Each structure stands twice: as C-alpha cells, then as structure tokens.
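Observations on chain architecture
Listed here are the chains, written in short residue letters.
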Amino acid sequence: RTASEWLARSYTAQARRALEEALTAARQAARLAPNLGYAHARVAELEWMLEHRREARAALNRALALAPRLAPARALEGFLRLEEHRVREALAAFEAALAADAALGSAWLGRGLALWRLGQREAARRSLQTATALEPQRALYRAYLGKLWSQRGEFHLAEKELDRARRLDPNDPTPWLYSALHLSLIHI
C-alpha cells in the first residue's frame, strides 16, 4: 500500500473512533513517505488527540521542517500553544494556517478561541461563525459557537447552536457540557 492509502485508512479508522488504529496507519504512511510533511502532521494530530504531547510535538516539528506552510500543521501548532497558555503565539500560528488555507475550519476555530482569551470578543465571534459556516456539519464548532453565544447573553442563539451540535454528534460530550453550563447561566 502507498502512503496515501495508509492516510485514507487512518481517517477511516478515526471516523470509527478507533484512534489507536488511526495512529498506527498514519505512522505507516510516515514510514513509507518520510519526506511527506502531511503524513507527519497526521501523526502529530493523532498523538495530540491521544494526549501524547511529547510525541505530538516531535511529529509536528518534523512536519513543519518538511512543509513549513502546511496549514493543518500550523493549526495544530496553534492548539498546542493554546494548551501552553501562549495565546499570542497560538494566534500567530492560526494566522499562518489561514494564510496558507483560508478555508481551514480548525484554524478559524482556533483563531476564535485565541481571540476570546485575548478579550477580543467580536473578532472571536466572527472567527467561530466562519469556522461553522465553512464546516456546518462539525458538531464541535457549533458547540463552541453556542458557548460563545451563551457567554454573550444571546441565549436563543446559544440554545440553537447547542441543540444542533447535540443532534449532529450525540456521542460528543462537548455540546452536552456547554448546554449544562448554559443552563446554569440562564438560571442564575
């Protein structure tokens, strides 16, 4: 099999929520194509999902060395920086990702989260709405947008987005958590 086939297998396994299998397939793709930055970025993404931070950072560094403008790698760099509370560096990484691919929903999501932490609420809202418009079937994006609406006191909009998120992916706990937080806000 080719590296591309292993990458496809990785995404198929992830869709089945088999993240270890997805990681194994991504690692095989990276072995078959050691100079393919995208394969290393995929490994990094899955290591991050599985909370293997050191391994995620190593794979991400390899991906960025091979393909410094690779948008998904730059977006992942942003999320790693957000976890480290290095918000301005995270924002710069998300901006770099968007410069490479303005249609990358995860970069818009990350940009919105970084802007929110920096207190730039209106710009954060626009970024989260852009992420949701680009990928309307992503429950996670709708959950974050619902959380933002709730925190802004836009309760009707919050309920609408959180309900959509729950319907899109009933197994994702994120919209359920944000719905509970939202309900606690409106009952205070």
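Here the structure is a predicted model, which is why all the values come from computation and not from measurement.

1. Considering helix H5 (residues 71–83)
In this model, H5 (13 residues) spans 19 Å end to end at C-alpha, consistent with the 18 Å of a helix rising 1.5 Å per residue. Taken across its 13 residues, H5 has eleven buried, putting it largely inside the fold. For H5, the full list of buried residues reads Ala71, Ala73, Arg74, Ala75, Leu76, Glu77, Gly78, Phe79, Leu80, Arg81 and Leu82. On its buried face, H5 sits against helix H3 (37–49), helix H4 (53–66), helix H6 (87–100) and helix H7 (105–117).

2. Some details on unusual backbone geometry
The phi torsion at Arg17 lies on the positive side, around 65°, for a residue other than glycine. You can see Arg17 is positioned in the loop between helix H1 (3–15) and helix H2 (19–32). Of note in the backbone geometry, Glu51 takes a positive phi value of approximately 65° without being a glycine. By the secondary structure assignment, Glu51 is in the loop between H3 and H4.

3. Digging into the packing of helix H10 (residues 155–168) against helix H11 (residues 173–186)
The angle between the axes and the distance between the axes are what describe a pair of packed helices. Relative to each other, H10 and H11 sit at 160°, their axes nearing to 9 Å. The orientation of H10 relative to H11 falls into the category roughly antiparallel. Crossing angle aside, the handedness with which H10 passes H11 is left-handed. Residue-level contacts link Phe155, Ala158, Glu159, Leu162, Ala165 and Arg166 of H10 to Pro175, Trp176, Tyr178, Ser179, His182, Leu185 and Ile186 of H11. Of the residues contributing to the contact of H10 with H11, the split by class is nine nonpolar, two polar and two charged.

4. As for the pattern of salt bridges
Applying the stated criterion across every chain yields a total of 20 salt bridges. Between Arg111 and Glu95 there is a salt bridge; the shortest N-O distance is 2.8 Å. With a gap of 16 residues between them, Arg111 in helix H7 and Glu95 in helix H6 connect regions that are remote in the sequence. Using a relative accessible area of 19% as the deciding quantity, one classes Arg111 as buried. Looking at Glu95, the relative accessible area reads 33%, which means it is partly exposed. For the salt bridge of Arg125 with Glu122, the shortest nitrogen-to-oxygen distance reads 2.2 Å. One end of the pair is Arg125 and the other is Glu122, both in helix H8 (residues 121–134) and three residues apart, which spans about a single turn. By relative accessible area, which is 15% here, Arg125 ends up buried. Exposure remark for Glu122: the relative accessible area of 34% places this residue in the partly exposed category.

Conventions we followed
- Counting restarts for each chain, with residues numbered from 1 along the sequence as it is written.
- Only residues with pLDDT of at least 70 get local features here, since the model is predicted, and only at 80 or more are side-chain atom pairs given and counted; chain-wide, interface and lining totals rely on the full set of residues.
- Hydrogens are left out, water is left out, and the side-chain values use all remaining heavy atoms of the structure.
- Numbering of helices and strands runs from the N terminus; a helix is a DSSP stretch of H or I covering at least four residues, while a strand is a stretch of E covering at least two.
- An expected span of 1.5 Å times one less than the residue number is assigned to each helix.
- In this scheme, a residue with accessible area under 20% of its type's maximum is buried, one over 50% is exposed, and one in between is partly exposed, where area comes from a 1.4 Å probe on protein chains only.
- Note on contacts: a residue pair qualifies if any of its non-hydrogen atoms lie within 4.5 Å across the two residues.
- Between the N-to-C directions of two axes lies an angle of 0 to 180 degrees, each axis being a line fitted to C-alpha atoms and, for a helix, fitted only over the stretch in contact.
- Small angles under 35 degrees read as roughly parallel and large ones over 145 as roughly antiparallel, with 65 to 115 read as roughly perpendicular and the rest as oblique.
- Crossing handedness: left-handed means the near helix sits turned counterclockwise from the far one by under a right angle, and right-handed means the same turn made clockwise.
- The nonpolar class holds Ala, Val, Leu, Ile, Met, Phe, Trp, Tyr, Cys and Pro. Asp, Glu, Lys and Arg form the charged class, and all remaining residues, Gly among them, are polar.
- Salt bridge, as used here, is a side-chain nitrogen of Lys or Arg placed within 4 Å of a carboxyl oxygen of Asp or Glu.

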